[in-house]
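# Close look at the chain arrangement
Read off the chains here:
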Amino acid sequence: MPSHPRRRDGRAPLPRPEERLRLRRAWHLSEQQVATAFGVTVVTVRSWEAGRTAPTGLRRAAYAAFLNGLAQGLVQGQVPAPAGPAASPRVPAEFRAAPVAPGPAPLPAGLPVGDGPDPVSLARRRRFRLAAVAAGVWTVFAHVMITSPPPHP
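Residues numbered from 1 in each chain as written. Predicted model: local features only at pLDDT ≥ 70, side-chain atom pairs only at ≥ 80, totals over all residues. Heavy atoms only, no water.

## Thoughts on the overall build of the protein
Tallying secondary structure elements over the protein gives six helices and zero strands in all. N-terminal to C-terminal, the α/β element order of the protein is α-α-α-α-α-α. In the protein, the proportion of contacts linking residues at least 24 apart, taken out of those at least 6 apart, comes to 66%. Entry remark: accessible area of the protein is about 10,700 Å², with carbon and sulfur atoms responsible for 63%. (Helix = DSSP H or I, 4+ residues; strand = E, 2+ residues; numbered from the N terminus. Contact = heavy atoms within 4.5 Å. Areas by Shrake-Rupley, 256 points an atom, 1.4 Å probe, with all protein chains shown as cover.)

Okay, here's the thing in structure tokens:
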């Protein structure tokens, strides 16, 4: 069974941006760790957590499964201890006081989303083809209008 419900449009549902940020911080993960795991930059992770952008394709499915796993770990009380000497002040007290079970395995240095760009949806390919055909038609039309001789009266 997948770790997230499937939608008709094939896009894995993501929690609200505030929840994404809260989950990462509750597990004491840095933006760099998440960025490295998903093969993106720290700026991209910040954009995901601010709600400015969202991952697409396989990266979206992997990120949704990752967040779902973090959320399930919080429900079961498996919050790892902070790496530093003092707990982060932004982590709620109930998470800091929870009994600490062995944390999850370290994040792999790249989830199975590949090194290339995200896969392109069929709808996006269709739109691109339509735009390319329209540009070609207009180019031919402009060429014919420019190179044809003027009409004789």
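That shown, we press on.
## Brief notes about the packing of helix α1 (residues 17–26) against helix α3 (residues 42–50)
The N-to-C vectors of α1 and α3 enclose an angle of 125°; their axes lie 6 Å apart at closest approach. With respect to α3, the element α1 is oriented oblique. Along its contact with α1, which presents P17, E18, R20, L21 and R24, the element α3 presents W48, E49 and A50. A per-class count over the contact of α1 with α3 returns four nonpolar, no polar and four charged. (Axes fitted to C-alpha atoms, helices over the stretch in contact; angles between N-to-C directions. Parallel < 35°, antiparallel > 145°, perpendicular 65-115°, else oblique. Nonpolar A, V, L, I, M, F, W, Y, C, P; charged D, E, K, R; others polar.)

## Some words on unusual backbone geometry
If you check the backbone angles, H28 has positive phi at about 60° while not being a glycine. Checked against the element boundaries, H28 lands in the loop between α1 and α2 (31–38). By relative accessible area, H28 is classed as partly exposed at 23%. (Buried < 20%, exposed > 50% of the residue type's maximum accessible area, 1.4 Å probe, protein only.)

## Describing α3
Of the residues making up α3, those classed as buried are V42, V45, S47, W48 and E49. G51 lies just past α3 and shows a positive phi near 85°.

## Considerations on the pattern of salt bridges
In the structure shown here, the tally under the stated rule is five salt bridges. Between R16 and E18 there is a salt bridge whose closest N-O contact spans 3.2 Å. Comparing R16 with E18, the two get one shared label, exposed. One salt bridge in this structure joins E19 and R22, with 2.7 Å as the shortest N-O distance. Of this pair, E19 and R22 are both found in helix α1, three residues apart, which corresponds to roughly one turn of the helix. For E19, a relative accessible area of 21% puts it in the partly exposed group. (Salt bridge = Lys/Arg side-chain N within 4 Å of Asp/Glu carboxyl O.)

## What to know about the nonpolar core
Counting residues in hydrophobic clusters, the biggest one holds 19 residues, and the most contacted among them are V34, F38, Y63, F66, L67 and L70. Going through the elements one at a time, α2, α3 and α4 (57–75) are the ones with two or more residues in this core. In terms of residues, this core owes the most to one element, α4, which gives six residues. (Core = buried A, V, L, I, M, F, W, Y, C linked by side-chain atoms within 4.5 Å.)

## Points about the confidence of the model for the protein
Of all residues in the protein, 63% attain a pLDDT of 70 or more, and the chain-wide mean is 76. Confidence, expressed as mean pLDDT per element, reaches its minimum in the protein at helix α5 (residues 93–96) with 51 and its maximum at helix α6 (residues 122–147) with 93. (pLDDT = per-residue confidence, 0-100.)

## Considerations on the environment of E31
Within the element layout of this structure, E31 appears in helix α2. Separated by 11 residues in sequence, E31 and V42 have C-alpha atoms that sit 5.8 Å apart. With near-sequence residues (within four places) excluded, E31 lies in contact with R24, V42, V45, R46 and E49. Among the polar contacts listed, one links the side chain of E31 to the side chain of R46, at a separation of 2.8 Å. (Polar contact = N/O pair within 3.5 Å; in protein donor to acceptor, adjacent residues only side chain to side chain.)

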